[in-house]
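Results of the structural survey
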Amino acid sequence: MGTALIYDEEMTKYKLLWVDPACKIEVPERLTVSYEALVRSGLSDRCVSIPPREATDAEILLAHSEEYLEAVKKTPYMTLEDLKEFTLQYGDVYFHPNIYHCAKLAAGSALQLVDSVMTGKVRNGIALVRPPGHHSMRSAANGFCVFNNVAIAAQYAKQKHGVKRVLIVDWDIHHGQGVQYCFEDDPSVLYYSWHRYEHQKFWPNLRESDYDSVGKGNGAGFNVNVPWNKVGMENSDYLSIFCHVLLPVAYEFCPDLVLVCAGFDSAIGDPEGEMCATPDIFAHLTHLLMNLAGGKLCAVLEGGYNLTSLPQSVCQTVQTLLGDPLPQPAGLRSPCKSALESLQCVRSAHRRYWSFLKHAANQPSTDISTKRIKLANEEEGKTEMAVEERAAEIKEWPEPPERPSPPVRCASLLPEDVACPDGLKLFSSSKDLHPLLASKLQNGADDQDALITVSRLYAMIEKMLTNEIGSGLVLISDISAAMMGALQDLPSDLVDRVLVVCVGKEKDLNYLTTDGKMLFVQISDEDKEKEKNKYFIPVSLKKGCSDTAGFIQAVLGLLLPLAYEYDPTLVLLVRTPGSGVDDSMWQQLIGLLLGFAKGHTLVLMQTNEKVHVGPTASALLGRPAPPLLELQTLDQEDGEALERLRERLQTDWKMLQTTSEGTE
Ligand SMILES: NCCCNCCCCCC(=O)CS
Ligand SMILES: [Zn+2]
């Protein structure tokens with residue numbers, strides 16, 4: 001299934017008609033440069049083009065009052081003076097004779113997107129719209145927004161398509177207070193937003209944008225605010241928040257639809273955000289959401305004002321929606337102290353609502369809410385530097401890397417009696433022994449055909465590293481012997497960083513290296529605490545890999561941050577017999593791992609587990625994993641054990657930090 005693209009140049013046909021410094025960045029070119037970049041890169045041709053439509057009154061009233069709608073309806077007939085007058089009653093927004101028409105098209109585009117995804121016409125999609133929506137409230141326009149496109153879309157999805165749980169991810173750099181107000185007592189809509197806050201000093205300067213606004217009444221826990229109290233946040237800050245806050249909560253919430261308030265003012269170069277995250281980060285943020293809700297994801301443009309990083313970020317997002325390989329995440333490092341403070345505050349504010357956060361550290365000593373009060377008092381004196389001055393420090397950043405699709409998306413090495421799943425290509429390699437292994441043969445290595453298998457494995461890996469092959473699936477008779485053989489020399493001669501993820505128990509792991517050429521993470525029911533070292537991480541779950549809640553927490557809270565920091569050039573995923581991992585969890589794991597090493601994941605399974613070949617192939621081909629069944633809550637002991645393991649490892653692995661304790 002494809003990716004929908006909704007765009008119409010009609011939505012470029014309104015602009016600011018008078019002088020207002022706060023609004024001048026919201027220009028029609030935002031849409032044209034984004035769409036033109038999609039055309040120039042050939043991405044628009046690969047999408048399913050869906051026309052926008054005007055939202056009806058009834059649809060707009062899903063999130064707005066009648067009096068507000070009636071008032072906006074009058075604007076097309078207003079004189080310039082009337083428009084100015086009308087605008088004065090709202091904040092940081094402007095009206096234009098054609099903005100009501102465009103606002104209906106923007107909201108209607110979001111609804112077209114929801115229909116296309118919910119009816120299975122496409123898998124996912126993006127709507128490039130103006131005016132944006134997430135600041136507009138029930139009876140007020142605000143922050144360039146007239147109708148709340150995504151809030152209307154969420155209500156519409158519930159009402160028309162019977163969607164039970166909607167996740168809204170707002171990665172725009174501003175707090176979508178309009179969305180928060182709309183759903184704060186509604187447990188069927190989980191609103192997640194990060195936003196520049198600077199202890200309430202940044203627009204819209206709302207007390208309720210802080211981390212302690214968790215939702216009200218039945219909605220308590222279903223509103224997650226992550227305040228950025230400093231500018232200059234980087235890729236590592238964004239990814240650590242996704243791994244340690246958003247994803248655990250999102251998986252536990254188990255949505256059947258994901259809506260993204262896709263604002264790109266959170267990208268480097270933006271005058272509003274003043275952050276330093278590079279456009280390729282949106283490839284990863286999109287990817288991390290694509291295995292939720294069976295892949296049903298609708299992205300709707302919000303902000304984004306740098307006419308270079310905006311189109312780059314839009315292209316990165318669309319390319320991921322289309323299933324192209326991800327770029328290796330650029331230069332990750334430790335999340336900054338301020339991000340860790342926010343991370344700790346959000347996790348502690350939500351620990352009582354989400355079993356995955358239950359073991360989070362308690363309220364931090366340096367509670368940032370006291371800072372808010374103190375700074376607010378100091379605030380009287382200081383005047384804000386003009387946004388223009390600060391934006392002048394705009395940094396340079398590299399063009400996002402090419403993300404070529406390999407000619408063979410997934411190759412397989414299977415025994416003769418196992419049929420090759422559709423979509424996979426049988427890997428044929430020369431029968432003779434790989435030169436790296438020839439020496440073994442001379443000193444009479446015992447198992448001839450194991451060596452042949454390992455040799456063909458090497459050949460496949462070589463083709464992955466030259467991007468002739470994307471991912472691989474290999475069935476072998478005996479996992480442990482082959483694995484030992486294959487891994488013995490693999491790191492030193494073939495690739496420089498291999499992430500080995502071993503699902504299930506594996507007895508003798510004596511080939512582990514400690515030189516960093518290989519990071520070995522094992523998830524099983526075995527407790528190997530004592531053997532742990534920086535590059536061998538045994539994660540033990542009491543009930544083993546069949547415990548989906550424990551497994552997904554180990555993957556999200558440990559494996560993902562480790563993998564981002566390690567940044568492997570190859571991922572080797574080994575499933576040992578009797579691991580007990582269920583297929584949907586297995587597919588979720590593969591889907592997430594494909595985000596690393598440009599999609600070069602090689603799966604090793606034992607022939608007697610060939611019943612799992614179908615689901616494995618489906619995941620390796622980029623098909624979305626089925627939603628995990630209602631997750632049972634995380635086992636208390638396992639939760640504590642995972643938390644202890646994370647705490648102990650965080651000195652070596654900075655992406656595992658979730659508190660600011662111990663940072664300079
Ligand atoms: N009143 C002092 C300066 C305020 N600047 C307001 C900018 C609104 C931005 C809204 C936006 O980007 C939507 S995504
Ligand atoms: Zn914004």
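Residues numbered from 1 in each chain as written. Chains lettered and ligands numbered in written order. Predicted model: local features only at pLDDT ≥ 70, side-chain atom pairs only at ≥ 80, totals over all residues. Heavy atoms only, no water.

Scanning the protein chain for helices and strands turns up 21 helices and 16 strands. Against the globule reference of 26 Å for 664 residues, the protein chain gives a C-alpha radius of gyration of 25 Å, in line with a compact fold. For the protein chain, the spread of C-alpha atoms along the principal axes amounts to about 90 × 55 × 45 Å. Residue burial in the protein chain is summarised as follows: out of 664 residues, 64% are buried. Look at the contacts in the protein chain between residues 6 or more apart in sequence, and 77% of them connect residues 24 or more apart. Just so you have it, the protein chain exposes about 23,500 Å², and 52% of that area is on carbon and sulfur atoms. In the protein chain, 62 side chains carry a positive charge and 88 a negative one; their mean positions are 2 Å apart. (Helix = DSSP H or I, 4+ residues; strand = E, 2+ residues; numbered from the N terminus. Rg over C-alpha atoms; globule rule 2.2 N^0.38 Å. Buried < 20%, exposed > 50% of the residue type's maximum accessible area, 1.4 Å probe, protein only. Contact = heavy atoms within 4.5 Å. Areas by Shrake-Rupley, 256 points an atom, 1.4 Å probe, with all protein chains shown as cover. Lys, Arg positive; Asp, Glu negative; His and termini not counted. Charge placed at Lys NZ, Arg CZ, Asp CG, Glu CD.)

What follows concerns the domain arrangement of the protein chain. The parts lose accessible area when they come together, and the size of an interface is often stated as this lost area. With domains assigned, the protein chain is organised as domain 1 (2–323 + 366–392) and domain 2 (408–656). For domain 1 and domain 2, the distance between their C-alpha centroids amounts to 37 Å. On the domain 2 side, the residues contacting the 21 residues of domain 1 number 24 residues. Here domain 1 packs against domain 2, burying approximately 1,900 Å² in sum over the two surfaces, 62% of which is carbon and sulfur. The largest per-residue losses of area from domain 1 upon contact with domain 2 belong to H244, Y251 and N291, which jointly make up 31% of the total buried on that side. Scanning the region where domain 1 abuts domain 2 turns up zero salt bridges. Counting the contacts that link domain 1 with domain 2 gives nine residue pairs in polar contact (both at pLDDT 80 or more). Every element with two or more residues in the side of domain 1 that touches domain 2 is listed here: helix 9 (235–253) and helix 10 (281–289). When residues of the side of domain 1 that touches domain 2 are assigned to their parent elements, the largest contribution, nine residues, is made by helix 9. Its residues placed into classes, the side of domain 1 that touches domain 2 shows nine nonpolar, nine polar and three charged. (Domains from an automatic or database assignment. Buried area = accessible area lost by both parts, 1.4 Å probe. Salt bridge = Lys/Arg side-chain N within 4 Å of Asp/Glu carboxyl O. Polar contact = N/O pair within 3.5 Å; in protein donor to acceptor, adjacent residues only side chain to side chain. Nonpolar A, V, L, I, M, F, W, Y, C, P; charged D, E, K, R; others polar.)

So, on to the sheet that holds strand 6 (residues 223–228). Read across the sheet, eight strands follow the order 2-1-3-8-7-4-5-6 without closing on themselves; strand pairing throughout is parallel. Two strands close off the open sheet at either side, each with one partner strand: strand 2 (48–49) and strand 6. Pairing of strand 4 (residues 166–170) with strand 7 (residues 257–262), which is carried by five bridges, proceeds in the parallel orientation. Considered in strand 7, the bridge of V169 is made with V260. (Pairing = 2+ DSSP bridges.)

Attention now goes to the pattern of salt bridges. Taken as a whole and assessed by the stated rule, the structure comprises 27 salt bridges. Bridged by salt links that share partners, the residues E26, R30 and R130 form one connected network.

Every buried residue belonging to helix 4 (residues 66–73) is among Y68, L69, A71 and V72, and all of these are buried. Projection of helix 4 onto a plane perpendicular to its axis shows the buried side chains occupying an angular sector of 160°, all on one side. Across helix 4 from its buried face, at more than 90 degrees, point the exposed residues E66 and E67. Packing partners of the buried residues in helix 4 comprise helix 3 (57–60), helix 5 (80–88) and helix 6 (99–118). (Arc of directions from axis to C-beta.)

A few words on the sheet that holds strand 14 (residues 536–540). Within the open sheet, the eight strands sit side by side as 10-9-11-16-15-12-13-14. Their pairing is parallel. Taken across any chain shown, the strands that pair with only one partner, and hence form the sheet edges, are strand 10 (425–426) and strand 14. Its contacts with the sheet place helix 18 (residues 548–566) against strand 12 (498–503), strand 13 (518–524) and strand 14, and it is angled at close to 180° to strand 13. (Axes fitted to C-alpha atoms, helices over the stretch in contact; angles between N-to-C directions.)

Our focus in this paragraph is the environment of E29. Note that E29 resides in helix 1 (residues 29–40). Sequence-wise, E29 and A110 are 81 residues apart; in three dimensions their C-alpha atoms are separated by 20 Å.

Let's shift gears to the pairing of strand 5 (residues 189–196). Consecutive side chains along a regular strand alternate between the two faces of the sheet. Across the eight residues of strand 5, eight count as buried, placing the element largely inside the fold. Taking every second residue as pointing to the same face, both faces of strand 5 are buried, with V189, Y191, S193 and H195 on one and L190, Y192, W194 and R196 on the other. Of the strand pairs in this sheet, strand 4 and strand 5 are connected by five bridges, and their pairing is parallel. From the neighbouring strand, D170 faces strand 5, where its bridge partner is S193. Regarding topology, helix 8 (residues 177–183) serves as the crossover connection from strand 4 to the parallel strand 5, and that connection is right-handed. Pairing of strand 5 with strand 6, which is carried by six bridges, proceeds in the parallel orientation. Considered in strand 6, the bridge of Y192 is made with V224. (Right-handed = clockwise from strand over helix to strand, strands pointing away.)

Between two packed helices, what matters for the description is the angle formed by their axes and the separation of those axes. Contact pair helix 9 / helix 10: the axes reach a minimum separation of 10 Å and the direction vectors enclose 10°. What the angle tells us is that helix 9 and helix 10 run roughly parallel. Contacts between helix 9 and helix 10 pair N235, Y238, L239, F242, L246 and L247 from the former with I281, H284, L285, L288 and L289 from the latter. The residue inventory of the contact of helix 9 with helix 10, partitioned by class, reads nine nonpolar, two polar and no charged. (Parallel < 35°, antiparallel > 145°, perpendicular 65-115°, else oblique.)

Here we come to the coordination of the zinc ion (ligand 2). The zinc ion (ligand 2) binds to the protein through D172 (OD), D172 (OD), H174 (ND1) and D265 (OD); the donor distances cover 2.0 to 2.7 Å. Donor residues binding the zinc ion (ligand 2) come from one chain and are separated in sequence as D-x1-H-x90-D. With respect to burial, D172 and H174 carry one shared label: buried. (Donors = N, O, S within 2.8 Å, 3.2 Å for Na, K, Ca; no water.)

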